[in-house]
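Chains, contacts and geometry: an overview
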Amino acid sequence: MSIQWVLVSGFLYSEIGLALLLSIPWISCKRWHRIFTSSIIGIIASYVNWIFVCFLSGLVVLFADSVREMYVYTGQDKKVDITGSASPSAQEHILMRLFRAQRNFYITGISLFLLIVLRTMLTRVSRVARLEANYEAMQKQAVSAGEMNKKLLEENGALKKMTDGKEDVLEEVKKMEELKDKSEGC
């Protein structure tokens, strides 16, 4: 296996590990959000889109190369001269190269697919963490608004009790003010 395919398979294994790590249920979205917003990851986060495009384009190029290799070696075993002039292992050699081309095709294809899946997973986990934080803030705000409402209702009830016997006095004061206004107008 050449160095490029070793790197692609290593990348695939790291993607599988990260996907499994993100799928662990006892690591909450809040914790992932804290990890994503840490200072070290924050430095990397500004370059995430650029890094994603670089990996994506590299994998697409390697995928196209593996498709080309598969196309080259497909059907070559039928073209090998099976007569005595050809070496006996020529067909096996072509089949071995075809197997390697197919292996590289599957490695890069799965790696490309997982790269897109991981980007979606990371985006969703971050979005869920933000929504959970907003939900908790709204819930705290609703609780404090409910407490404030309850406090104001109690104050309103206390004020009503204080003014219950004084409604007659308030009406008399209004009548006196009206009489005073009438007397001043005359």
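What you see is a predicted model, and the numbers here were worked out from it, not measured in a lab. (Residues numbered from 1 in each chain as written. Predicted model: local features only at pLDDT ≥ 70, side-chain atom pairs only at ≥ 80, totals over all residues. Heavy atoms only, no water.)

1. Concerning the environment of Ser57
- Note that Ser57 resides in helix 4 (residues 48–73).
- On the basis of relative accessible area, Ser57 is assigned to the partly exposed category, the value being 39%.
- Each C-alpha atom of the pair Ser57 and Leu112 lies 9.6 Å from the other, and the pair is 55 residues apart in sequence.
- Polar side-chain contacts of Ser57 include one of 2.9 Å to the backbone oxygen of Cys54. (Helix = DSSP H or I, 4+ residues; strand = E, 2+ residues; numbered from the N terminus. Buried < 20%, exposed > 50% of the residue type's maximum accessible area, 1.4 Å probe, protein only. Polar contact = N/O pair within 3.5 Å; in protein donor to acceptor, adjacent residues only side chain to side chain.)

2. Comments concerning the side chain of Glu15
- Mapped onto the secondary structure, Glu15 falls in helix 1 (residues 3–22).
- In this structure, Glu15 is buried with no salt-bridge partner, the nearest side chain bearing the opposite charge being Arg119 at 11 Å.
- Apart from the residues within four sequence positions on either side, Glu15 is in contact with Ser111, Leu114, Leu115 and Leu118. (Lys, Arg positive; Asp, Glu negative; His and termini not counted. Salt bridge = Lys/Arg side-chain N within 4 Å of Asp/Glu carboxyl O. Contact = heavy atoms within 4.5 Å.)

3. Digging into the layout of surface pockets
- The computed volume of the largest pocket comes to approximately 840 Å³.
- What lines the largest pocket is a set of 23 residues, and nearest its centre among them are Leu18, Phe36, Ile44, Val48 and Leu122.
- Sorting the residues of the lining of the largest pocket by element identifies helix 1, helix 2 (29–36), helix 3 (39–45), helix 4 and helix 6 (90–163) as the ones contributing at least two each.
- Among the elements that line the lining of the largest pocket, the one with the most residues is helix 6, at six residues. (1 Å grid on protein atoms, 1.4 Å probe; cavity = no way out; pocket = protein on both sides within 12 Å on 5 of 7 lines; lining within 4 Å. Points joined across faces, edges and corners; volume = space filled by probe spheres on them.)

4. Overview of a negative patch on the surface
- There is a patch of like negative charges on the surface, built from Glu177, Glu178, Asp181 and Glu184.
- Position of Asp181 among the secondary structure elements: in helix 7 (residues 167–185). (Patch = residues over 30% accessible without salt bridge, like charges linked within 9 Å, V, L, I, M, F, W, Y side chains within 5 Å. Areas by Shrake-Rupley, 256 points an atom, 1.4 Å probe, with all protein chains shown as cover. Charge placed at Lys NZ, Arg CZ, Asp CG, Glu CD.)

5. Description of the packing of aromatic side chains
- If you walk through the whole model with that rule in mind, you get three aromatic pairs.
- Ring plane angle 20° and centroid distance 4.7 Å describe the contact between Phe11 and Phe55, whose orientation is recorded as stacked. With Phe11 in helix 1 and Phe55 in helix 4, this pair connects stretches of sequence that are 44 residues apart.
- When its relative accessible area of 18% is taken as the criterion, Phe11 is described as buried.
- Among the aromatic side chains, those forming a connected cluster through ring pairs are Phe63, Phe105 and Tyr106.
- The residue whose ring lies beneath Arg119 is Phe52, and the NZ or CZ to ring-centre distance is 4.3 Å. (Phe/Tyr/Trp six-rings, centres within 6.5 Å; stacked < 30°, edge-to-face > 60°. Lys NZ or Arg CZ within 6 Å of the ring centre and 35° of its normal.)

6. Examining the side chain of Ser126
- With respect to the secondary-structure elements, Ser126 resides in helix 6.
- Given the relative accessible area of 15%, Ser126 is considered buried.
- Apart from the residues within four sequence positions on either side, Ser126 is in contact with His33 and Phe36.

7. Let's talk about the nonpolar core
- In this structure, Trp5, Val8, Phe11, Leu12, Phe52, Leu59, Leu62, Ile107, Leu112, Leu114 and Leu115 together form the largest nonpolar core, which totals eleven residues.
- Among the secondary structure elements, those contributing two or more residues to this core are helix 1, helix 4 and helix 6.
- Apart from residues no more than four positions distant in its own chain, Ile107 is found in contact with Val8, Ser9 and Leu12.
- Counting five residues, the second largest nonpolar core, distinct from the first, contains Ala19, Leu22, Leu118 and Val125. (Core = buried A, V, L, I, M, F, W, Y, C linked by side-chain atoms within 4.5 Å.)

8. Remarks on helix 1
- Taking 1.5 Å as the rise per residue, helix 1 with 20 residues should run 28 Å; its terminal C-alpha atoms sit 28 Å apart, in good agreement.
- For helix 1, the set of buried residues is Trp5, Val8, Ser9, Phe11, Leu12, Glu15, Ala19 and Leu22. Summarising the axial view, the buried residues of helix 1 lie within an arc of 155°, below the 170-degree limit, and thus occupy one face. Turned more than 90 degrees away from the buried face of helix 1 sit Ile3, Leu7, Tyr13 and Leu20, all of them exposed. (Expected span 1.5 Å × (residues − 1). Arc of directions from axis to C-beta.)

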